[in-house]
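Observations on the model geometry
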Amino acid sequence: MATTLPDTSLSLLERVADPGVLRTLPADRLPHLADEIRRFLVAKVCARGGHLGPNLGMVELTLALHRVFESPRDALVFDIGHQAYVHKLLTGRQKGFDTLRQPGGLSGYPSRAESVHDLVENSHASTALSYADGLAEARALAGESDRSVVAVIGDGALGGGMAFEALNNLGAAPERPVIVVVNDNGRSYAPTTGALAKHLSVLKYGGGAEACRNVFTDLGFTYFGPVDGHNTREVESVLCRARAMKRPVVVHVMTVKGKGHRPSETDPSDCLHAVGAIAPDTGRPVAKASGPSWTSEFGHALAEAAAAHPKVVAVTAGMLLPTGLGPMKERFPERVFDVGIAEQHAVTSAAGLATGGPHPLVAIYATFLNRAFDQVVMDVALHRLPVTFVLDRAGITGPDGPSHHGMWDLGLLSMVPGLRLAAPRDTTRLRLLLDEAVAWSEGPTVLRIPKSSAGTPIEAVASMDGVDVLYRGKGRPLDVLLVPVGPLAQPALEAAHVLQTEHGIGCTVADPRWVLPVNPALESLAARHRLVVSVEDGVVTGGVGTALAQWCQDRGVTTPVHALGLPRAFLAHGSRPELLTQAGLDAPGLVRAVLNATAHRDAGPAVPLPAQGSAR
Ligand SMILES: Cc1ncc(C[n+]2csc(CCOP(=O)(O)OP(=O)(O)O)c2C)c(N)n1
Ligand SMILES: CC(=O)[C@@H](O)[C@H](O)COP(=O)(O)O
Ligand SMILES: [Mg+2]
């Protein structure tokens, strides 16, 4: 490992090729290095997108971490990991930084495949302290307690339940010298909320442990703080003291989200937390959006639904604006509850709300509902409570990679008794289904929407008991029944057209809208076709297609069901369209799948569909 500064023709940052070199840098060069890193981050992230605000706040803190601790011998665990860009720059990934979050490029989060310095790839919040506790236990068992374990967690993530569970264990183990660095910038997306945020603020302004109650010392930690997180030497000195304690320590570091970049520092909604390509001087998006997003369409629809249904209230887990609750918050502020990054609490408090009379709507990213699955099953569904979940970012999301794709909800929720799940194919159906969901009082309902622009309405040509027939092939219309879930209706229609015109295969495209449990009307439709092909933007294992196959099998419908969806795999980051294409879920992929499935099948005589009903 290099330990001296190489070629002076390079910039200082380029010369800091690895943490060993950084540790030899004279302290008086650190401000210059920090400045170079900030300029590098602004240039690169503004050009291609990423987490700008969080990483600008982490520059000096990360420099200090890598100067005091010797990664990878010492462990640095970043919570969520969206704030680990500086860590990446200091561990040999400056050259590849232009590929950040690009297909085949650097991940936007730590990645074990990229570096021995990276430990936690999961971007779900509040896990770092638990990882650290386990790692410290492993070090103790190996007789290596002299190898430091450091968890870096934001003040937002610190409010998550797992973090408290870990604090409870870490504080009770004086022999396990875990160092918890709280990066307190006063924000999650929005300013942090709740009693913990208030307590951190008292510690921040109340003069540290000496002057007031301190939850960390009460739990058994040594507390150092508040520390100026933009003074590398001060942070270094405190981290050295923390390491020397050889016991559980909390280091409370004060930083500014977006530090050094005025558009980030002053952005009212989220300090340019996560951006696409933006103009560096204004922070405004470079490209014009291709149309309203599903999220914004949902937000407006919800405000209207809330006006029509006074019992409707909304719950968010620290992501009010990203889940589209802005319009409802504006119109009905007293009916919107933000519980912080606490999905399990969000779901069960919604169960409490429903028990007390309101109809709660929990707005949450599909991937983050994983964390509250037990709460959905046991606190909501077991009691048949009328809670509506709107899962944003359902299906492939794209640049945030494997722990952000919302690909598990269909498989998980297909098992929940009494739960009904709808997937709107367009915003017209979104409004209709949202109204149906908030009017349903017999148990939980779920709507799932993707991370994409909302597209144009797709009208039905017929309707049968809640199933919208979107396309009826000519000639032999009963070869294939295509059952797309939600917005995949569009590629399904394109595929049906190609199959008809280029291959003479007649397809019916049917959208059940409520996709779980299986709509019984699909049974008679399936019986009238030679093959059923379901298409879902979710893991195919246990999803809608397998539920439909099971339904047909249980009722003696012998039409084979070919379920298309995402593989039971962790999918790398990329662009949503590209990843859907790779999964074969675009029109050409569907055509190929149908041709392969029908290649050996005898296409017998067609049986006419029942007379057309009214389209919705
Ligand atoms: C379980 C979970 N819920 C929500 C999110 C979305 N999310 C990503 S970063 C973030 C804010 C984190 O705030 P903080 O921990 O204070 O870090 P900062 O961005 O301020 O550095 C949220 C809510 C997540 N990653 N994981
Ligand atoms: C790290 C994290 O969980 C979020 O910041 C996420 O990157 C945001 O995703 P969207 O851009 O889809 O809102
Ligand atoms: Mg924060």
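These numbers were taken from a predicted model, which means no experiment stands behind them. (Residues numbered from 1 in each chain as written. Chains lettered and ligands numbered in written order. Predicted model: local features only at pLDDT ≥ 70, side-chain atom pairs only at ≥ 80, totals over all residues. Heavy atoms only, no water.)

Description of the coordination of the magnesium ion (ligand 3)
Quick reminder of the rule: The rule for donors is simple: an N, O or S atom within 2.8 Å of the metal counts, and for Na, K and Ca the reach is 3.2 Å. Water is not among the atoms, so a site may look short of donors. Secondary structure elements are taken from DSSP: a helix is a run of H or I of four residues or more, a strand is a run of E of two residues or more, and numbering for both begins at the N terminus. A 1.4 Å probe rolled over the protein chains alone gives each residue an accessible area, and that area as a share of the maximum for its type sets the label: buried under 20%, exposed over 50%, partly exposed in between.
The magnesium ion (ligand 3) binds to the protein through Asp155 (OD), Asn185 (OD1) and Arg187 (O), with metal-donor distances spanning 2.0 to 2.2 Å. One chain supplies every donor to the magnesium ion (ligand 3), and in sequence these donors are spaced D-x29-N-x1-R. Note that aspartate 155 is positioned in the loop between β2 (149-154) and α8 (161-170) and arginine 187 in the loop between β3 (178-184) and α9 (195-205), a separation of 32 residues in sequence. Neither residue differs from the other here; aspartate 155 and arginine 187 are each classed as buried.

Examining the domain arrangement of the protein chain
Selection rule: Here the bounds of each domain stem from an automatic or database domain assignment. Throughout, a residue-residue contact means that at least one pair of heavy atoms, one from each residue, lies within 4.5 Å. In short, buried area is how much 1.4 Å probe accessible area vanishes from two parts on joining, totalled over both. Here, a salt bridge means any Lys or Arg side-chain nitrogen found within 4 Å of an Asp or Glu carboxyl oxygen. Two N or O atoms count as a polar contact when they lie within 3.5 Å, although within protein this holds only if one can serve as hydrogen donor and the other as acceptor, and sequence-adjacent residues are included solely when both atoms are side-chain atoms. Any residue outside Ala, Val, Leu, Ile, Met, Phe, Trp, Tyr, Cys, Pro, Asp, Glu, Lys and Arg is labelled polar, Gly included; the first ten of those are nonpolar and the last four are charged.
By domain assignment, the protein chain separates into domain 1 (12-275), domain 2 (294-448) and domain 3 (462-603). Taken over C-alpha atoms, the centre of domain 2 sits 26 Å from the centre of domain 3. If you look at the interface, domain 2 gives 33 residues, while domain 3 gives 32 residues. At the boundary of domain 2 with domain 3, total buried surface from both sides reaches about 2400 Å², with 64% on carbon and sulfur atoms. Interface area lost by domain 2 to domain 3 is led by Ile396, Met407 and Arg425, which between them contribute 31%. In this structure, the connection of domain 2 to domain 3 is made through three salt bridges. Salt-bridge contacts for arginine 425 lead to aspartate 511; the nearest nitrogen and oxygen are separated by 2.6 Å. Applying the counting rule to domain 2 against domain 3 returns 14 residue pairs in polar contact (both at pLDDT 80 or more). For the side of domain 2 that touches domain 3, the secondary-structure elements that each account for two or more residues are α18 (409-413), β10 (420-422), α19 (427-439) and β11 (445-448). Among the elements that line the side of domain 2 that touches domain 3, the one with the most residues is α19, at five residues. In terms of residue class, the side of domain 2 that touches domain 3 is made up of 18 nonpolar, nine polar and six charged.

Things to note about the pattern of salt bridges
Under the definition given, this model contains 26 salt bridges. A salt bridge links aspartate 146 to arginine 73; its shortest N-O distance comes to 2.6 Å. With aspartate 146 in the loop between α7 (128-141) and β2 and arginine 73 in the loop between α5 (59-68) and β1 (75-78), this pair connects stretches of sequence that are 73 residues apart. Judged by its relative accessible area of 39%, arginine 73 is partly exposed. Three or more residues joined by partner-sharing salt bridges are found here, namely Arg425, Asp426, Arg429, Glu459, Asp468 and Asp511.

Observations regarding helix α3 (residues 30-48)
Stated precisely, the cut-off is as follows: Take the residue count of a helix, subtract one, and multiply by 1.5 Å to get its expected span.
Here α3 contains 19 residues, and its C-alpha end-to-end distance of 27 Å stays within 8% of the 27 Å for a straight helix at 1.5 Å per residue. Inspection of α3 places Leu30, Leu33, Ala34, Glu36, Ile37, Arg38, Phe40, Leu41, Val42, Val45 and Cys46 among the buried residues, and these make up the whole buried set. Contacts from the buried residues of α3 go to α1 (12-15), α2 (19-24), α4 (52-56), α5, α6 (85-89) and α11 (232-245). In the stretch just after α3, glycine 49 is the one whose phi turns positive, near 95 degrees.

Observations regarding helix α20 (residues 489-503)
In a regular helix each residue adds 1.5 Å, so 15 residues correspond to 21 Å; α20 covers 20 Å between its end C-alpha atoms and thus fits that length. When we look at burial in α20, the residues that qualify are Ala489, Pro491, Ala492, Leu493, Ala495, Ala496, Leu499 and Gln500. Each element contacted by the buried residues of α20 is listed here: β13 (467-472), β14 (480-484), β15 (507-511) and α24 (587-598).

Description of the packing of α3 against α5
Between two packed helices, what matters for the description is the angle formed by their axes and the separation of those axes. What counts, and what does not: Angles shown run from 0 to 180 degrees and are taken between the N-to-C directions of axes, each axis being a line fitted to C-alpha atoms and, for helices, limited to the stretch in contact. Each angle gets one of four labels, with under 35 degrees taken as roughly parallel, over 145 as roughly antiparallel, 65 to 115 as roughly perpendicular, and the rest as oblique. For any pair of crossing helices, the crossing counts as left-handed if the nearer helix is rotated counterclockwise from the farther one by less than a right angle, and right-handed if it is rotated clockwise.
It is at 10 Å that the axes of α3 and α5 come closest, and there the two elements cross at 125 degrees. Taken together, the axis directions place α3 and α5 in an arrangement best described as oblique. For the crossing formed where α3 meets α5, the hand is right-handed. Here Leu30, Leu33, Ala34, Ile37, Arg38 and Leu41 of α3 come into contact with α5, specifically with Val59, Glu60, Leu63 and Arg67. Class assignment of the residues belonging to the contact of α3 with α5 gives a composition of seven nonpolar, no polar and three charged.

What to know about the packing of aromatic side chains
For any pair of aromatic rings, the description consists of the separation of the ring centres together with the inter-plane angle of the planes. Going by this rule: Paired rings are identified among Phe, Tyr and Trp, the last through its six-membered ring, by centres lying within 6.5 Å, and are further divided according to the angle between planes into stacked (under 30 degrees), edge-to-face (over 60) and tilted (the rest). A ring has a charge above it when a Lys NZ or an Arg CZ is no more than 6 Å from the ring centre and no more than 35 degrees off the ring normal.
Evaluated as defined, the whole model comprises five aromatic pairs. Pairing phenylalanine 216 with tyrosine 223 gives two aromatic rings, centres 6.1 Å apart and planes at 5 degrees, and the pair type is stacked. Seen from their ring centres, tyrosine 365 and phenylalanine 368 are 5.6 Å apart, and the 10 degrees between their planes marks the pair as stacked. Taking the relative accessible area as the measure of exposure, phenylalanine 368 reaches 10% and is therefore buried. A connected cluster of aromatic rings, assembled from ring pairs, spans Phe40, Tyr85 and Phe97. In this structure, arginine 335 packs its charged tip against the face of phenylalanine 332, placed 4.5 Å from the ring centre. Over the aromatic face of tryptophan 514 sits the side chain of arginine 420, whose NZ or CZ is 4.0 Å from the ring centroid.

Brief notes about the site of ligand 1
We apply this condition: Nearness is defined per residue: one heavy atom within 4 Å of the molecule or strand is enough. Per-residue and other accessible areas follow the Shrake-Rupley method at a 1.4 Å probe size, with only the shown protein chains counted as cover for residues.
Residues in contact with ligand 1 amount to 22 residues; listed here are only the nearest, His82, Ser123, Gly156, Lys257 and Glu343. Interatomic distance of 2.9 Å between a backbone N/O atom of alanine 157 and an oxygen atom of ligand 1. Side-chain polar atom of lysine 257 to an oxygen atom of ligand 1: 2.7 Å apart, as the coordinates give it. For ligand 1, whose unbound accessible area comes to 580 Å², protein coverage reaches 98%. Within the shell around ligand 1, the residues separate by chemical class into eight nonpolar, nine polar and five charged. For the shell around ligand 1, the two domains that each supply at least three residues are domain 1 (12-275) and domain 2 (294-448).

With respect to the confidence of the model for the protein chain
Operational definition: Known as pLDDT, the predictor's per-residue confidence is scaled from 0 to 100.
Summing up the model confidence of the protein chain, the mean pLDDT is 94 and the portion of residues at 70 or higher is 95%. Here residues 602-616 is modelled with pLDDT under 50, and outside its nearest four sequence neighbours on either side it reaches 38 contacts, counting other chains as well. As a predicted assembly, this complex carries a pTM of 0.95 together with an ipTM value of 0.99.

Let's talk about the sheet that holds strand β18 (residues 561-566)
The cut-off we apply is this: Paired strands, as defined in this entry, are two strands with at least two bridges between them according to DSSP.
Spatially, six strands are ordered β12-β13-β15-β14-β17-β18 in an open sheet, and the strand pairing comes out mixed. Of all the strands in the sheet, the pair left with one neighbour each is β12 (462-464) and β18. Sheet twist, expressed as the average angle between the axes of neighbouring strands with direction ignored, equals 25 degrees. Direction of pairing for β13 relative to β15: antiparallel, over a ladder of four bridges. Residue pairing in the sheet places valine 469 in a bridge with alanine 510 of β15. Lying over the sheet, α24 contacts β14, β17 (531-539) and β18, oriented at roughly 140 degrees with respect to β17.

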